[in-house]
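Below, each chain spelled out in residue letters.
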Amino acid sequence: MNTTEKDIELFDSYMNGTMNDTDRAQFEERLRNDEAYRKAYELHSEVVLGIQRKELKAMLQEQEKAGQEHATTTKRRPLVIRISSILALAACLFIGIIIVHDAFRMANLGGDYIAQLEQPVPRGSGVEETLALIYDDLQQGNYSNAQENIDKARLLIQEEQSIAYPTEDETEYHQQILKLDNDELDWYQALVYAKTHKVLKAKKLLKQISKSDSWYQIKALEFIGQ
Amino acid sequence: MMTDQQIIDGFRNNDRKIINGFYAANKGAFLNHFRNSYGKSDEYLLDLYQDSNVTLWENIQKGKLGKMTSTLSTYLFAVGKYKMMANDRKFKEMTTDVDLQNLNLVDSDAEEMEEKEEKERKIDEIVSKMTYPCSDILRMHYWEKLSGEEIAMQMKYASTDAVKTQKYKCMQKLKQAVMAVF
């Protein structure tokens, strides 16, 4: 049977389910009674399904390809992540070893400098008594007590700095003594930091001392240099 | 989460997103099930999975699913089993398989089934040889379900009548090629 444009429109309409009830009944009636027409419709629907099947297969192939590409990327990703993690871990470990090594080195050096400490010289300020206590604490390895006494001494220095002396000379003299006490205190503080593994604080303070005109400037430079 | 009915509607309308989503969602379980139960190779199973999806789509287009008594995924697995048995020429087992019977998947005898598959293969071969403009116009009309106006605009035809005429010519050409083979 030769199908016309009109037949194809009807076949498509029936396949798509867009025919109204009356037209569909008529169409189905013809399919039942007209064998040539039914065969033409069957051929049409088989070809249409073939066209659609081709597109569906292409789409699924495309999806499969995209899925495989995704799988390859995700397979590679864990390897990249694993390598990065190992490198990061190695870097952390290396830095950790350096930090720990540095902390112990500073603590040992701090111990050496504590052994070299001389008894604080009495210069006539009220701070010196506390400095003597700190000296004892350091010698006995009692660093938490030493820290407490350092904090106390700082407060005492502040108090003494506010005392007014009758003459300018006397004021200047006391200020100089307090400066020497303060330098002493900074050095003690650096040693406490070193002994208690506060590496960064110790280094910062040592650097500060090394740049000042403190009595301990050279020692601080030596400490950092070692 | 989509219902099976929404997925069926998506398949019926050739909704790329829904079909691809369903395909991706069931692939792992399907391949595992058939690999573990029947020991088939991955290459074979991938073809089986794609063919099963095509058959599912076809059965939806033909209105064969009717009232679903199982989930769409179960139906897909049953289609896979049916296709695998057909490939292995285990027709006797198919006719007695309860799952396949329950899902109305076995509706013809072995000879008919082979004939049908052979016909489909030949039609697919002819369709795949289509060239421009037929390949584009028929794809737009039957797969993408575009209107005559949309096709005319995309393919730069002067009118929808010109589209209809061209589509008719293409279909006639295809049918003649199919008839020449059978």
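These lines cover the structure that appears in this document, whether it is placed above or below. Computed from a predicted model, the values in this text were never measured in an experiment.

### Considering the overall build of chain A
Each helix and strand in chain A was counted, giving eight helices and zero strands. With 226 residues in all, chain A has 22% of them scored as buried. Considering only contacts in chain A between residues 6 or more positions apart, those separated by 24 or more positions represent 56%.

### Focus on helix H8 (residues 134-143) of chain B
Residue and element names in this part refer to chain B. Within H8, the full set of buried residues consists of Ile-137, Leu-138, His-141 and Tyr-142. Buried residues along H8 cover an arc of 105 degrees about the axis, so they all sit on one side. Two residues or fewer past H8, Lys-145 is found with a positive phi of approximately 55 degrees.

### Comments concerning the nonpolar core
By size, the foremost hydrophobic cluster in this structure holds 25 residues, and its most contacted members are Tyr-188, Ala-190 and Leu-191 of chain A. Those elements that place two or more of their residues in this core are helix H3 (35-116), helix H4 (128-140), helix H5 (143-161), helix H6 (168-195), helix H7 (199-211) and helix H8 (217-225) of chain A. Top contributing element to this core by residue count: H6 of chain A, with eight residues. Phe-30, Leu-48, Leu-56 and Tyr-82 of chain B belong to the second-largest nonpolar core, a separate cluster that totals 23 residues.

### Thoughts on helix H1 (residues 5-16) of chain A
End to end, H1 of chain A covers 16 Å across 12 residues, agreeing with the expected 16 Å (1.5 Å per residue, within 8%). Following H1 of chain A by one or two positions, Gly-17 of chain A has its phi on the positive side, about 75 degrees.

### Brief notes about the interface of chain B and chain A
Between chain B and chain A, the contact holds 26 residues from the first and 19 residues from the second. Taken together, the elements giving at least two residues each to the side of chain B that touches chain A come down to helix H2 (16-38), helix H3 (42-61), helix H7 (110-128), H8 and helix H10 (160-181) of chain B. Among the elements that take part in the side of chain B that touches chain A, H10 of chain B stands out by supplying seven residues, more than any other. In terms of residue class, the side of chain B that touches chain A is built from 14 nonpolar, six polar and six charged.

### Focus on the packing of H6 of chain A against H7 of chain A
Angle between the axes and distance between the axes are the two parameters that describe a pair of packed helices. Residues and elements named next belong to chain A. Interhelical geometry of H6 versus H7 gives an angle of 155 degrees and a closest axis separation of 8 Å. Considered as vectors, H6 and H7 are oriented roughly antiparallel to each other. Seen along the crossing, H6 lies across H7 with a hand that is left-handed. For the pair formed by H6 and H7, the contact residues are Asp-186, Trp-187, Gln-189, Ala-190, Tyr-193 and Ala-194 on the first element and Lys-201, Ala-202, Leu-205, Leu-206 and Ile-209 on the second. Of the residues that constitute the contact of H6 with H7, the class distribution is eight nonpolar, one polar and two charged.

### Side note on the environment of Met-15 of chain A
All names here are of chain A. Mapping Met-15 onto the fold places it in helix H1. Separated by 30 residues in sequence, Met-15 and Ser-45 place their C-alpha atoms 7.6 Å apart. Beyond its immediate sequence surroundings of up to four residues, Met-15 is in contact with Ser-45 and Val-48.

### Notes on the packing of H2 of chain B against H3 of chain B
Residue and element names in this part refer to chain B. The interhelical angle for the contact between H2 and H3, taken along N-to-C directions, is 130 degrees, at an axis separation of 10 Å. Of the possible angle classes, the one that applies to H2 and H3 is oblique. Considering the relative orientation of H2 and H3, their crossing is right-handed. For the pair formed by H2 and H3, the contact residues are Tyr-23, Lys-27, Phe-30, Leu-31, Phe-34 and Arg-35 on the first element and Asp-42, Leu-45, Leu-48, Tyr-49 and Asn-53 on the second. Among the residues making up the contact of H2 with H3, the classes are represented as seven nonpolar, one polar and three charged.

Conventions used here
Residue positions are counted from 1 within each chain, in the order its sequence is given. Lettering for chains starts from A, numbering for ligands starts from 1, and both go in the order in which the items are written. Given that the model is predicted, a residue must reach a pLDDT of at least 70 before its local features are reported, and side-chain atom pairs must reach 80 or more before they are shown or counted; all residues, however, enter totals for whole chains, interfaces and linings. Here a helix means four or more residues in a row that DSSP labels H or I, a strand means two or more in a row labelled E, and each is numbered from the N terminus. Using C-beta atoms placed from the backbone, we call a residue buried if 20 or more other C-beta atoms fall within 10 Å of its own, exposed if 12 or fewer do, and partly exposed for counts in between. By the convention adopted here, residues make contact when the C-beta atoms placed from their backbones lie within 7 Å. Directions pointing from the helix axis toward each C-beta atom define the arc. Definition of nonpolar core: a set of buried Ala, Val, Leu, Ile, Met, Phe, Trp, Tyr and Cys residues joined via C-beta atoms within 7 Å. Given a helix with a known number of residues, its expected span is that number minus one, times 1.5 Å. For this classification, the nonpolar set comprises Ala, Val, Leu, Ile, Met, Phe, Trp, Tyr, Cys and Pro, the charged set comprises Asp, Glu, Lys and Arg, and every other residue, Gly included, is treated as polar. The axes are straight lines fitted to the C-alpha atoms, using for helices just the contacting stretch, and the angles between their N-to-C directions are given from 0 to 180°. Angles are sorted into four bins: roughly parallel if under 35 degrees, roughly antiparallel if over 145, roughly perpendicular if 65 to 115, and oblique for all others. What makes a crossing left-handed is the near helix being turned counterclockwise from the far one by less than a right angle; a clockwise turn instead makes it right-handed.

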